[in-house]
Amino acid sequence: MGRLSAENRQRAEAIVAVYPERRSALVPLCHLAQAQDGYLTEEAMEDIAKLCGVSPAEVRGTASFYDMLHTEPVGRYVFAICTNIACMLAGAYDVLGHAEERLGIHSGQTTPDGMFTIEEAECLAGCDRAVCVQVNHRFFGPVDEEGFDRLVEDLSAGRLDGTVPPHGVLNRVHRAVGLPARQPVSATISRNPQSAGAPPAGALAESAPSGDAVAKATPEQNPRKEKEGEAG
Amino acid sequence: MPDTTATTTTTTTTATPDTPEAPAKPETLAITLNGREVTAQPGELIIEAAERHGVFIPRFCYHPRMKPVGMCRMCLVEVSSPRGPSLQPACFVSVADGQEIETESPAARKAQEGVLEFLLVNHPLDCPVCDKGGECPLQDQAMSHGPGESRFIEEKRHWAKPIVLGPLTLLDRERCIQCARCTRFAEEIAGEPLIDFFSRGDAIEVATFPEKPFDSYFAGNTIQICPVGALTSVPYRFKSRPWDLEQVESTCTFCAVGCRVAVQSSAGKVVRFLGIDSGPVNQSWLCDRGRYGFEAVNARERLGQPLCRKDGELVPVSWNEALADVGRGIREAVSSQGPASVGIIGGARLPNEGQYAWSKLARAVIGTDNVDAQLGDGLPAELVVSLPQATIDEACHSKYVVVLAGDLREELPILHLRLRTAAAHHGLLVVDCSPVPTALAEVAAAVVPAKPGESAASVPDLVGSGGPLEGVDGSDVVVVLGRPSVSESADSVAAAAAAFVRALPGVRFLPALRRANVRGALDMGLAPGMLPGRVTLEAGRSWYESQWGSMPASAGLDTRAMLEAAAAGTMRVLVLLGADPLCDFPDRDLATRALERIPFLVAIGTLPTASAQLADVVLPAAGPTERGGTTTNIEGRVTHLAQKVVPPGVARQDWVIASEIAEQLGLDLGFDHLEGIWEEIEEVVPSHFGATVEAVYGPAGADGVVLPVSGVGLSLLPPGADPRRRLDPVATPGIDSVITQGAPMFAGFAEVPSGQVAESVAIEEAWAGVEPPALSADSVRTSGSSAPRPAPATFDPDRWPVPGAPVPDSYGFRLVARRFLYDQGALVQASPSLGKLAPRQRLHLRRKELQQLGIEDGGKVRVRSARGELIVPVELDESVPGGVAVLGFNLEPVDEPGLASIIDADEVAQTVRIETVED
């Protein structure tokens, strides 16, 4: 916890190399750190600052701008309940009020067991399924009070583990995408003369820098399918 | 530097050859400003062009010394475009040919009022309890460009207040209007982005990272440029209201950069320093030591009464008694052992006039050449005055700057700021070859640490093949030359200077000496073997005999030699001119023995320093802001010092004390007023010919006069012009509070009538058609003497041989004794806010050597030299080169063993061994 793990560090360096400017990697690295710890720890922000060549204050400044990035600890599951117009007309405030009552916390708070956080969200672009609720950025809807209860029970029981990873994990398949603007240091000082002209390793290949540590994607866990997941 | 000086036009570009106007004049553009046809420069921002033509556009985020961001939207004006007039931020859009700009049209006016109404939505309007109230750009512009009332009736946001951003910086977040001046300053100018905006919308706040306070040396600037009362300083918070302040323009004398400041006082006490935008020097910035150092002037322990030692105790006496004692002491010493038994140490913090008086007193009255303003921690006077010199502007505009000095951020912070900005934003290539990389290393083109004691040997590496200065024209290089380490001999630095002159013909130097007026002291001959005017004793002897009467027979002793003579018993009288050798001399053992042995010790100064406690007579002197005169900065730029408050008790000006002592010795120095001394200096001192009283003391000298005055001539203000400069580029003309923002040059300067604005524009217009008087050395009145004027010392590389390399010691580390901005020196410690910021002593080593020694980071070690030993904690510091150990100078209280107890001043470079300590 805290500092970026060795594996994530390597991944972070690969991300930094994708951009012409180091600091451009700031937000992707914040997501990487959040996937590791569920939120952005101070230590991780310091690591990111070093990797991006900025100050920790600038990392926290950027991270605090975005609702998707948390600089304070949050629960394993973060409910984002939309209260914009479409969802509001469909009863979003009833769902929100029910959620607060059911979990015994206010919007913006986390249950004492560290399982759930509730947030009131602006439009999540799921108006066709109002009331739309995101759990760790996975869409569920329409959700009513009863549906919310079932969602909580399913999450608590681990029945949705295949659909909803712990908070912070955006995708469980790591793809090395994009052409590196600068080769990672390890590639530039490679002793292998043949590698000099070859495209950088992993440039377009669908493999993570250290493949065995990454969970293999199954059809059920395909991010595209997650949108289909429904509460109960 | 691309000086965006349009708003803060420096009214006197004093003989600085490379002002920004130097390149070929670009074509001008014709624009229509509020229906008036005016001209503008290509690339100029609308807000700048308008300001030059007397049209003020309201603004908050715009600052002429920073890049525009267009954040606050207050400067919206109507600008013509192919699609018709549109609202554009004047601080972000450059002028174009034929552009029509309306700053006061109904549309522009409505936009400005709308923005102000928005800015005030979350502003608490707590002006009656806000420090900024009365000098607040938001307050002023709400009156001049605001709608008058707000439609906002909802609850405003509330925050805990104030929060601590840094040791001396407080933040009231609800007052913040998010102009980002502070965060931009920290990132862009200071290069220390320790503060940033957090969160978003109405939850936005300026904050630091947790546990990483805004402890920048430049933090005070964010307070000065905050256009609201959000940022306040600990020393000034709730101290005064702007309308209670009196102020005067002066020069900061807490280091040798010579920043121009507004000294502000309330009820007879100095309460605040603000930076004034002096283009060639500080460009409106100040360091925190300069900004808050005035606290030492108000210190409770200030000397206000002469003291004499009676029965072993220092007791208050009258001036007459104390002066008679001093006169008797000196007379006895001279009559028993000759004038060479009298020595004078210090004087680097005196104004030029005081230094000249003391130099004259020593040479012509007492007859001794034992005078030294530096405490063995500077550079040889002859070297400094003879090297080809460069100004700060020239250094910033040159292609390369080589730094062979201590960390400039710690020693001359604003010089660091100027060089850093030039390197980070304007392509200056910095080569850092100090033994331990300085704060400039971050933006440096090359970092080539010289080995301590062998600086000269590193020069071939720099200019040789593959070096960063290979094939470089010497005229493109400025070397910032200082004393990188007080445990390294000055000869080694002098030899390096000689090596640079040989390797790079045409190279120029900027001396990085730190005591306030040390350059003035060297110019005034407060150095053995040097006479006023940058001439050696031998070269100037006949001239000064004709001017002053008599001259000492031979060159005298420097501080170290004087202390050695005192310790050996051959010295009879030592006069400490504000000097505190016990604290500041690198070899404490020698200083202690000398001061304990000397039969008669006179201490003249502002504070009861450790050395003054040993004195037989203590004379209280006026301190900064309590005395007029002039000061000379590292460039050789003479600026005017203004008196704002009266000294405590019966403390006197330094030149008065010198005159009184001369009178005790039966001679008259011939001074009766301050300007009279300068008149004599201008007439007698060769390097100061042409720097007339009007040029230096008068309003014209706002940016100072660089010596020697060249044939180019000085541009002076026309008589009667108001030299006031706006303190704040946000200041709204026409509003009363602003009129008092420009500090007059003199206390008691006639007030500008209400409604009339001090504008540099007005000064330039007043000059129209008037040819500035050309002043050159030739037109200077010649004195009646027939003796030829002595020529200033010229630099001879062979005069500075390379000292023998230190004996290699395979177990030893070369010691670098570096300085910190805040140390245990009397001046810092007398200032309550700064004193506690002095860091604790740490031995800095890199990881590899820590591991070899088997020491944990933070563990204690014994540092041993032939002289003594010291037990200190170690700190891991990867910037330290191999084989080098770094300690801070003057970080231990004077009564504890410190770094000065292990330095042997005889060594070229101090070698130390590091041993582990068993607990």
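As the structure is a computational prediction, the values presented were derived from the model and not from experiment. (Residues numbered from 1 in each chain as written. Chains lettered and ligands numbered in written order. Predicted model: local features only at pLDDT ≥ 70, side-chain atom pairs only at ≥ 80, totals over all residues. Heavy atoms only, no water.)

## Quick word on the domain arrangement of chain B
Residue and element names in this part refer to chain B. Each assigned domain of chain B is listed here: domain 1 (29–120), domain 2 (319–378 + 519–637 + 656–711), domain 3 (386–512) and domain 4 (813–916). For domain 3 and domain 4, the distance between their C-alpha centroids amounts to 24 Å. In this assembly, 19 residues from domain 3 lie in contact with 18 residues from domain 4. Of the roughly 1500 Å² buried between domain 3 and domain 4, counting both surfaces, carbon and sulfur atoms make up 59%. Among the residues of domain 3 in contact with domain 4, E410, V486 and S487 are the three that bury the most area, contributing 37% of the side total. Inspection of the region where domain 3 meets domain 4 yields three salt bridges. Salt-bridge contacts for R818 lead to D407; the nearest nitrogen and oxygen are separated by 3.4 Å. Inspection of the region where domain 3 meets domain 4 yields ten residue pairs in polar contact (both at pLDDT 80 or more). Of the residues assigned to the side of domain 3 that touches domain 4, the class counts are eight nonpolar, five polar and six charged. (Domains from an automatic or database assignment. Contact = heavy atoms within 4.5 Å. Buried area = accessible area lost by both parts, 1.4 Å probe. Salt bridge = Lys/Arg side-chain N within 4 Å of Asp/Glu carboxyl O. Polar contact = N/O pair within 3.5 Å; in protein donor to acceptor, adjacent residues only side chain to side chain. Nonpolar A, V, L, I, M, F, W, Y, C, P; charged D, E, K, R; others polar.)

## Describing empty space enclosed by the protein
All names here are of chain B. Evaluation of the coordinates by the stated rule reveals 14 cavities of 30 Å³ or more. Within this model, the largest cavity holds a volume of roughly 550 Å³. Lining the largest cavity we find 39 residues, and of these R349, G578, A579, T606 and L827 sit closest to its centre. Of all elements in the fold, only β25 (573–577), β26 (600–605) and α25 (826–829) reach the threshold of two or more residues within the lining of the largest cavity. Among the domains, domain 2 (319–378 + 519–637 + 656–711) and domain 4 (813–916) are the pair contributing at least three residues each to the lining of the largest cavity. (1 Å grid on protein atoms, 1.4 Å probe; cavity = no way out; pocket = protein on both sides within 12 Å on 5 of 7 lines; lining within 4 Å. Points joined across faces, edges and corners; volume = space filled by probe spheres on them. Helix = DSSP H or I, 4+ residues; strand = E, 2+ residues; numbered from the N terminus.)

## Regarding the interface of chain B and chain A
One widely used convention gives an interface's size as the accessible area the parts lose upon coming together. Listed as interface residues are 13 residues of chain B and, on the opposing side, 13 residues of chain A. Carbon and sulfur atoms supply 58% of the area that chain B and chain A bury against each other, a total of about 1200 Å² over both sides. The largest per-residue losses of area from chain B upon contact with chain A belong to F198, R200 and F209 of chain B, which jointly make up 48% of the total buried on that side. Seen at the junction of chain B and chain A, the total is two salt bridges. Taking the shortest distance from any N to any O, the salt bridge between R200 of chain B and D67 of chain A comes out at 3.2 Å. Here chain B is connected to chain A by six residue pairs in polar contact (both at pLDDT 80 or more). Classifying every residue of the side of chain B that touches chain A by side-chain character gives seven nonpolar, two polar and four charged.

## What about the confidence of the model for chain B?
All names here are of chain B. Here chain B shows a mean pLDDT of 87. Residues at 70 or above account for 89%. Ignoring residues within four places in sequence, the model shows residues 1–22, a span with pLDDT below 50, making 55 contacts including any to other chains. For the stretch residues 746–784, pLDDT sits under 50, and the model shows 69 contacts to residues farther than four places along the chain or on other chains. Scoring of the predicted complex yields 0.88 for pTM and 0.85 for ipTM. (pLDDT = per-residue confidence, 0-100.)

## Section: helix α4 (residues 181–189) of chain B
Each turn of an α-helix holds 3.6 residues, which means side chains three or four residues apart point in the same direction. Residues and elements named next belong to chain B. Buried residues dominate α4, accounting for eight of its nine residues. Within α4 the residues assigned to the buried category are R181, C182, T183, R184, F185, A186, E188 and I189. Those residues of α4 hidden inside the fold are in contact with β8 (195–198), β9 (205–208), α5 (219–225), β10 (231–233) and α12 (413–425). G191 sits one or two positions beyond α4 and adopts a positive phi of about 70 degrees. (Buried < 20%, exposed > 50% of the residue type's maximum accessible area, 1.4 Å probe, protein only.)

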